[in-house]
Amino acid sequence: MRKIVEAPGLDQLIEAGSSGYFPLFYQDWILESFADKATVQKISFSRAAETVHRMYKQMERHSSIERKKTAIQALKNEDRTDFILSFMKMVEYRTLDKLRELH
């Protein structure tokens with residue numbers, strides 16, 4: 001697996017996601033992102049990482065999770081969905097990487 005240097009705080013959020021905890025997202029956002037099967041497409045790890053880093057960079061100036069959520073809420077629905085799906089892809093890769101380490 002590729003190792004990308006994470007922005008401050010992003011690594012902890014991805015780690016939390018691999019445990020099933022997603023503090024950046026409301027449950028409704030996650031459900032909406034995966035509801036439209038046509039929207040859920042194959043996303044490469046590199047594209048997902050680029051999207052997550054680009055969008056997280058815009059919100060990393062906010063110190064609290066609630067302010068980051070507000071920044072995500074201000075995004076267009078398409079951008080928010082893309083960010084969530086990309087973030088989930090990064091969580092998926094982190095989880096698979098951990099499973100590989102167990103073997």
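Right, let's walk through the structure included here.

**Here's the deal with helix α1 (residues 10–18)**
Then step 1. When α1 is considered as a whole, its buried residues turn out to be L10, L13, I14, A16 and G17. One side of α1 carries all its buried residues, which in axial view fall inside an arc of 160°.
Then step 2. Among the residues trailing α1, G20 stands out with phi positive, at a value near 95°.

**Things to note about the nonpolar core**
Then step 1. If you look at the biggest cluster of nonpolar residues, it comprises 25 residues, and the most contacted ones within it are L10, F25, I72, F83, F87 and M90.
Then step 2. Among the elements of the structure, α1, α2 (27–35), α3 (45–59) and α5 (77–102) are those that each provide at least two residues to this core.
Then step 3. Those residues in contact with F25 that sit more than four places away from it in its chain are I30, K69, I72, F83, I84 and F87.

**Quick word on the pattern of salt bridges**
Then step 1. Following the criterion strictly, the structure yields six salt bridges and no others.
Then step 2. Between E60 and K57 there is a salt bridge; the shortest N-O distance is 3.5 Å.
Then step 3. Taking relative accessible area as the criterion, E60 reaches 26% and is therefore assigned partly exposed.
Then step 4. What emerges from the salt-bridge pattern is a single network uniting D11, E15 and R94.

What counts as what
- Residues numbered from 1 in each chain as written.
- Predicted model: local features only at pLDDT ≥ 70, side-chain atom pairs only at ≥ 80, totals over all residues.
- Heavy atoms only, no water.
- Buried < 20%, exposed > 50% of the residue type's maximum accessible area, 1.4 Å probe, protein only.
- Helix = DSSP H or I, 4+ residues; strand = E, 2+ residues; numbered from the N terminus.
- Arc of directions from axis to C-beta.
- Core = buried A, V, L, I, M, F, W, Y, C linked by side-chain atoms within 4.5 Å.
- Contact = heavy atoms within 4.5 Å.
- Salt bridge = Lys/Arg side-chain N within 4 Å of Asp/Glu carboxyl O.

On their own, these measurements won't tell you what the molecule is for.
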